[in-house]
Amino acid sequence: MCAEERSFLAVDIGASSGRHILGRISGGRMSLKEIYRFENGFTRQDGSLVWDIDSLEKHVTEGIIRCGQAGFCPESIAVDTWGVDYVLLDGSGGVIGPVYCYRDGRTEAAAWETEKIIPFEELYGRTGIQKQSFNTVYQLWCDKKSGRLDAAARLLMIPDYLAWRLTGVMKSEYTNATTTGLVSAGKTGWDREITKALGYPEHIFLPLSMPGSEAGPLRKDIAERAGFDARVVLCASHDTASAVAACPLKEDFAYISSGTWSLIGMELSSPVINEGARRANFTNEGGVGMRVRFLKNYMGMWLLQGIRKDLGKKYTYDEMMHMAEESGEPAAWIDVNSPQLTAPENMISAVRGLMGDKNAELPRVINCVYHSLARSYRSAVEEIEKLTGRRCRGINIVGGGCSDVYLNRLTAGYTGLPVCAGPKEATAAGNIIVQLMAADKTVTIEKARELVGASLGAETIYPEGKPGERTEESV
């Protein structure tokens, strides 16, 4: 028997795990209930790092069935994942494998090769997307060289592919498409001049659909197994776009979406595309309501995930945090975006190498990561202020990483700004509020954010002036 509350199901998939979160709306409040959780991660296949797309699809379907078994009948379902990665389909809808992970090294020379055709200055001027070797624009260059594009009939970003498998309807969602480096900044379509210049077949790119668009009804066989019918809606399917949509942002607050990646930025009404932004490697990604997510990417919890994996998961994240906290002042700072940390065989060894101390004790290694992350946040905030001309009044940290109280304190200390930590499940909440907005056209993004803030809240941490006090001169 189905529960009576109005409800929406968010399928939120990150690089290390996925979860089905039921959002229930009642009496002007939102509550979140985890229905199903599963592990995710890339695997090594024939020397390449790839995603198991079939396993992802099975888990997505299983979570929907579990939702029905638990007695819930959500009005709609939406899927969000990370950006950049995609699935190529042939004319019969078959997957042209493998589905590469952005951490695979195949794109190392792609940026250099494509820049012979389109200099990065021009590419950035058209898209406003930062240079990262794994951007879709470079991955597709590798597919072109290998001949994979010759057989391709469609390109679907990962969440678009999963929505297609749930409905039988192919659509391409806007926010995730903007991560490709192939969408015109501040506009709602693919940049055909870029795709033509690079020789990417025009027919593989579907028109872009805005967050809140309906993909289609749940496939009959899945609905029968789940015991309920539902619409599948396109949320802001890039997980960071969903997380930012749920940020209960105060005026002139920056945000940090803290997960495998730390994404630091400000929400703006228009893109910032100039030489300073390009040199600082800031990106202008699409958000809900055509807002712009002006941000910079840093490796985030990926570093701590790697350390924990190297230790055979002997310690919990809290235990690692306490180790770092008790080790005292940092022995060194490292560049958290060093290529050596992208996909190392051993994260601990990689960090020690950057520290210049191959014998550094484990607590010092972990503490180095913590301080280096917080220091990079300070640098990003200062760059945002310089590039936008706006004084940052605080930081809203959302996502799983906002539970790390030590990193929150260090962030407040290094930036000299109050830090609002929460909500933890911002991505799922953002996924859900877009579904709510699609179901009720009277709900605006501002009202939806008020709902999230009132329901899920955030703890505020104020700076104590250490380890790095921020002054007017530093802005």
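Up top you'll find the structure we're talking about.
Reading the values: the criteria
Residues numbered from 1 in each chain as written. Predicted model: local features only at pLDDT ≥ 70, side-chain atom pairs only at ≥ 80, totals over all residues. Heavy atoms only, no water. 1 Å grid on protein atoms, 1.4 Å probe; cavity = no way out; pocket = protein on both sides within 12 Å on 5 of 7 lines; lining within 4 Å. Points joined across faces, edges and corners; volume = space filled by probe spheres on them. Nonpolar A, V, L, I, M, F, W, Y, C, P; charged D, E, K, R; others polar. Helix = DSSP H or I, 4+ residues; strand = E, 2+ residues; numbered from the N terminus. Buried < 20%, exposed > 50% of the residue type's maximum accessible area, 1.4 Å probe, protein only. Arc of directions from axis to C-beta. Contact = heavy atoms within 4.5 Å. Polar contact = N/O pair within 3.5 Å; in protein donor to acceptor, adjacent residues only side chain to side chain.

We now examine the layout of surface pockets. By volume, the second largest pocket is sized at about 610 Å³. Looking at the second largest pocket, it is lined by 25 residues, and the ones nearest its centre are Ser133, Phe134, Met299, Pro339 and Thr342. Residue composition of the lining of the second largest pocket, by class: nine nonpolar, ten polar and six charged.

According to the stated counting rule, one finds two cavities of 30 Å³ or more in the structure shown. Along the wall of the largest cavity there are 14 residues; nearest its centre are Tyr174, Ala185, Gly186, Asn284 and Gly286. The greatest single-element share of the lining of the largest cavity, amounting to three residues, is contributed by strand β16 (residues 283–286). Class assignment for the residues of the lining of the largest cavity results in six nonpolar, six polar and two charged. Taken as a whole, the second largest cavity spans an internal volume of roughly 50 Å³. In terms of lining residues, the second largest cavity is bounded by Ala78, Val79, Pro159, Asp160, Ala163, Val232, Val233, Leu234, Cys235 and Ser237. For the lining of the second largest cavity, the elements supplying multiple residues, two or more each, are β6 (76–80), α5 (158–167) and β13 (231–233). Residue contributions to the lining of the second largest cavity peak at three residues, all from α5. For the lining of the second largest cavity, the per-class residue count stands at eight nonpolar, one polar and one charged.

Moving on, we come to helix α13 (residues 347–355). Taken together, the buried positions of α13 are Met347, Ile348, Ala350, Val351 and Met355. Buried residues of α13 fall within an arc of 165° about the axis and therefore sit on the same side. The inward-facing, buried residues of α13 contact α11 (301–310) and α14 (362–388). Where α13 begins, one side-chain oxygen reaches toward the backbone nitrogen of Ile348, 3.1 Å away; that side chain belongs to Asn346. Note on α13: the residue one or two positions beyond its end, Gly356, has a positive phi of about 75°.

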